[in-house]
Each structure stands twice: as structure tokens, then as C-alpha cells.
Amino acid sequence: MEKDLINIGSQTAKNGFKNERDVVDKFNNWRDDEDARQWLSIMDYDINEVEYVEAVVISGYKADIQVKVSVKLRNAIDVENIQVKLVSNLNGFNQIDKRWIDKYAEMWNMPDEIKTLLKLYTGEIPPMVTSARDKRRTFADEFSCIDQQKLLDWINANKTLIVSDIIKGSGKFAAEWMLVVQKIDTNARWILKPINYCLNFFGSGDALITDKGCFRIGRITMQRKGGDGGRDTAKMLQFKINPAQLFDIQ
């Protein structure tokens, strides 16, 4: 049974989690911490061959912690970048990326027409029709059928790049694993999956327009940020997922 749980990548922790620092502490105490030993096993390390583990919190990247692992008879040190998602509400959503449309346009070589439509969607450009149901922005289902299709076609054509950038990131601190923890004081649940699995899990499926007039890519919501007390940052584009959905695969 224990081996099966390791293979699945989910387990009930003996102690609760409050933040990423708790995960780092568990890795650094890997010799005595059963959760950390299981995480290393999931990452394909033979515990009997591990010499030492050093974990640190990193910020400003898709990965939240970096774990260095030294293995006997190897001349190199392995580095594992882990994205940590702490959830208390299993039906809640977690913002995974937010930027101004111009930044996304630069990242994804966005045509000017698509950039303009998305700025209408987020409210950087006010609605062009007086019949808009929100004077601050244009909902996806308020665009003409032609413009809706243009947006969906562009998102679907660039979906692989979009999903990878917003979940995995790029560069030396790109996430390689996603650790989702149900954040409670005791008996917290966790699940650890390779990031490429998560890209497929959250990003599979064609883009569509929801009943609420938002865009969705698979299990990823793409919407106007909103909130922020009416500040301009409410007009940014944000992407959200519910990390707890990974528990549903058990």
C-alpha cells in the first residue's frame, strides 16, 4: 500500500504545512522525515544512494523551492526545481500568472489585432459599444462572432507555449515538479507530480468561451484580473487554476 501511494504521488502528511519554508525544512530533514523521503523516491532517487539534500526557498520564479541532491558514485549534484501550491479550500483557485497584455504580446509574438482585442477584454481599452454589460471592459461573448473565433484560433495555435510559460516558466528556475499541499494544521494531504504531467492535466483541451464570458484553456481560466480597489492593475490579464484538482486523479 505504501509503495502504491508513492507511485501515485499522494500521501497524508503526519504534520501540517503552513508555507514553503515547511517544505524546505522537511527536505533538509530528509533522513528522518517520511514525506521528504517519499518525495525523493517519486523523483526517482534511491534513498539508500542519497548522500545529502539541501533545499532553499527561491522567489520571483515559477519554482518556489530548489532542492540539491548528491548521490553516491556520481560526480555531479542534481538540482530539482519545485513549484509549491498550498491550498486550504479544495474548490478555490490559484493565480498562476498575471501580466500586462503588452508583456504577453512580447512573449508570444502576438499580432496587433489580437493584442487590441485582449486589451478590450481586460479593460485597458474601454468597451467600444454602449450596450456592454460592464462599462469597464468587454466580455469574451460580447465580441463579434468573427472576433471571438479569431481569439480562439490564436489561443489554440499558441496553446502549448502559453500553458508552458504560465505554469512551468523558462530558464534555470523553471519548475520541474508541482507539489500541491492541502494546507491544514494536521493530517495535510499532498500530491507531487512532474510539471510536464501538470501541463497536460491543466492545459489539455481546446480554448473556449465560458458562460460567464471568460476564456478557458482546458482547466485554466484566462480572465481580467479585477479587484485591486479599482487601480489600473485590475486591467491586467491573469491565469488561474485549481491545484486541488490534481487530488481528483487518485
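Residues numbered from 1 in each chain as written. Predicted model: local features only at pLDDT ≥ 70, side-chain atom pairs only at ≥ 80, totals over all residues. Heavy atoms only, no water.

Our focus in this paragraph is the overall build of the protein chain. When helices and strands are tallied, the protein chain shows 8 helices and 11 strands. Each principal axis of the C-alpha distribution contributes one length, and for the protein chain these read about 65 × 40 × 30 Å. Burial status across the protein chain gives 49% buried among its 250 residues. Total accessible area on the protein chain is roughly 12,700 Å²; 45% of this is exposed by carbon and sulfur atoms. If you average the places of the 36 positive and of the 36 negative side-chain charges in the protein chain, the two averages end up 4 Å apart. (Helix = DSSP H or I, 4+ residues; strand = E, 2+ residues; numbered from the N terminus. Buried < 20%, exposed > 50% of the residue type's maximum accessible area, 1.4 Å probe, protein only. Areas by Shrake-Rupley, 256 points an atom, 1.4 Å probe, with all protein chains shown as cover. Lys, Arg positive; Asp, Glu negative; His and termini not counted. Charge placed at Lys NZ, Arg CZ, Asp CG, Glu CD.)

A few words on the nonpolar core. Counting 43 residues, the largest nonpolar core has Met110, Ile167, Met178, Phe202, Ile217, Ile220 and Phe239 as the members making the most contacts within it. The contact partners of Ile167, leaving out residues within four places of it in the chain, are Lys62, Gln83, Ile96, Ala175, Met178, Ile195, Leu199, Phe202 and Ile220. One finds Ala36, Leu40, Met43 and Tyr45 within the second-largest nonpolar core, a separate group that totals 26 residues. (Core = buried A, V, L, I, M, F, W, Y, C linked by side-chain atoms within 4.5 Å. Contact = heavy atoms within 4.5 Å.)

Per the counting criterion, the structure on display carries 10 aromatic pairs. For the pair Tyr61 and Phe173, a centre-to-centre distance of 4.3 Å together with 40 degrees between the ring planes defines the contact as tilted. With Tyr61 in the loop between β2 (50-57) and β3 (65-71) and Phe173 in the loop between α7 (159-168) and β6 (177-182), the pair connects residues that are 112 residues apart, well separated along the chain. In this structure Tyr61 comes out as partly exposed when scored by relative accessible area, which is 45%. (Phe/Tyr/Trp six-rings, centres within 6.5 Å; stacked < 30°, edge-to-face > 60°.)

Considering every residue of the protein chain, the mean pLDDT works out to 89; 91% of them sit at 70 or more. Below pLDDT 50 for its whole length, residues 1-14 participates in 30 contacts with residues either more than four positions away or in separate chains. (pLDDT = per-residue confidence, 0-100.)

Going through the model one piece at a time under the given rule, you end up with 14 salt bridges. With its nearest N and O atoms 3.2 Å apart, the salt bridge here joins Arg21 to Asp25. Taken together, the positions of Arg21 and Asp25, both in helix α2 (residues 20-28) and 4 residues apart, correspond to about one turn of that helix. On the accessibility criterion, Arg21 (41% relative accessible area) is partly exposed. (Salt bridge = Lys/Arg side-chain N within 4 Å of Asp/Glu carboxyl O.)

Turning our attention to unusual backbone geometry. Despite not being glycine, Leu73 shows a phi value in the positive range, around 70 degrees. Inspection of the secondary structure puts Leu73 in the loop between β3 and β4 (77-87). By relative accessible area, Leu73 is classed as exposed at 86%. Despite not being glycine, Asn109 shows a phi value in the positive range, around 50 degrees.

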